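The primary structure of each chain is shown beneath.
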Amino acid sequence: MGRRFQELVFTPLVKQHQQERGSRRQYERMAEQSPSGSALGPDEQAFIALRDSFYMASVGETGWPYVQHRGGPKGFVRVIEPGLLGFADLRGNKQYISLGNFDHDARVALFFMDYPNQTRLKVLGRVEVHEHDSQAPALIESFRPEDKSSVVERVILIHVEAFDWNCPQHITPRYTAEEIQEVIAPLTERLAKLDAENARLREELRARSKIERA
Ligand SMILES: Cc1cc2nc3c(=O)[nH]c(=O)nc-3n(C[C@H](O)[C@H](O)[C@H](O)COP(=O)(O)O)c2cc1C
């Protein structure tokens with residue numbers, strides 16, 4: 001866990017619990033040894049570029065946290081710079097919950113999951129919404145997806161403030177249909193060959209028994 005991540009999530013009450021339960025010293029040592037920067041390194045950037053979904057938590061003015069799942073083609077969340085992410089906010093169910101929350105508090109917590117490899121990356125950042133401002137048209141254009149039926153209403157940029165990788169424990173490996181197809185491709189091919197061979201042998205048998213009967 002990076003120093004910056006600790007600074008943001010280890011609130012006084014959190015630290016009090018760590019103190020009472022004996023883990024405070026360990027995390028202090030960890031903070032001393034970890035780098036202080038918040039920019040995403042090559043590993044984090046490559047990881048995000050391969051994701052087809054993420055979870056985004058925001059907080060409304062009532063204080064309630066809210067989590068939304070966002071999905072798209074792999075790489076729909078772009079790393080614009082090591083400290084800046086962006087994604088297209090598409091026309092959807094018109095609830096605008098995250099959008100309303102951003103007006104109250106720009107801070108978000110993101111969760112990027114790689115289930116097959118039991119890996120997750122947490123990112124904390126501040127959003128910047130581009131919809132009606134002077135930068136919006138160019139940004140919206142550059143984030144337009146290949147699927148022309150999707151309407152990009154705005155682009156959401158996220159200024160990264162901290163990140164943290166988690167241990168793989170308790171992440172059940174799960175596979176998308178695409179990932180399963182990849183894994184079973186050799187089996188599918190083998191099955192098709194066996195089917196063809198089976199059909200050919202049956203045909204041969206039929207022909208042979210016809211000759212014997214004649
Ligand atoms: C027709 C339609 C298409 C949608 N497409 C996507 C999509 O591609 N990716 C995504 O994450 N959410 C998609 N959604 C969900 C919405 O965009 C949803 O409105 C948005 O995530 C809501 O955010 P909120 O809960 O913060 O209000 C779609 C919803 C609808 C109704």
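The structure under discussion appears in the preceding block.
As a starting point, this report considers the structure included with it. (Residues numbered from 1 in each chain as written. Predicted model: local features only at pLDDT ≥ 70, side-chain atom pairs only at ≥ 80, totals over all residues. Heavy atoms only, no water.)

**Some thoughts on the site of the ligand**
As a matter of local geometry, the ligand sits amid 13 residues, with Tyr66, Gln68, Gly71, Asn93 and Ser98 nearest to it. Between an oxygen atom of the ligand and a side-chain N or O atom of Gln68, the distance comes to 2.3 Å. Tyr96 is positioned such that a nitrogen or oxygen atom in its backbone is 3.2 Å from an oxygen atom of the ligand. More than half of the atoms belonging to the ligand lie within 2 Å of the grid points that define the largest pocket. Among the elements of the structure, strand 2 (65–71) and helix 5 (97–104) are those that each provide at least two residues to the shell around the ligand. When grouped by side-chain class, the residues that make up the shell around the ligand number 4 nonpolar, 7 polar and 2 charged. (Near = heavy atom within 4 Å. Polar contact = N/O pair within 3.5 Å; in protein donor to acceptor, adjacent residues only side chain to side chain. 1 Å grid on protein atoms, 1.4 Å probe; cavity = no way out; pocket = protein on both sides within 12 Å on 5 of 7 lines; lining within 4 Å. Sits in = over half its atoms within 2 Å of the grid points. Helix = DSSP H or I, 4+ residues; strand = E, 2+ residues; numbered from the N terminus. Nonpolar A, V, L, I, M, F, W, Y, C, P; charged D, E, K, R; others polar.)

**Notes on the sheet that holds strand 2**
With respect to topology, 7 strands assemble into an open sheet ordered 2-1-5-6-7-4-3, the strand pairing being antiparallel. Looking along the sheet, the strands with just one partner apiece sit at the ends: strand 2 and strand 3 (78–81). Neighbouring strand axes in the sheet, compared pairwise and without regard to direction, differ in orientation by 35° on average. Pairing analysis gives 7 bridges linking strand 4 (residues 84–90) to strand 7 (residues 152–165), with the strands arranged antiparallel. Residue Ala88 lies in a different strand from strand 7, and its bridge partner there is Val155. The strands that helix 4 (residues 42–49) touches are strand 3, strand 4, strand 5 (107–114), strand 6 (119–130) and strand 7; relative to strand 6, the one it contacts most, it runs at about 80°. Contacting strand 1 (53–59), strand 2, strand 5, strand 6 and strand 7, helix 5 crosses the sheet at an angle of about 45° to strand 1. (Pairing = 2+ DSSP bridges. Axes fitted to C-alpha atoms, helices over the stretch in contact; angles between N-to-C directions. Contact = heavy atoms within 4.5 Å.)

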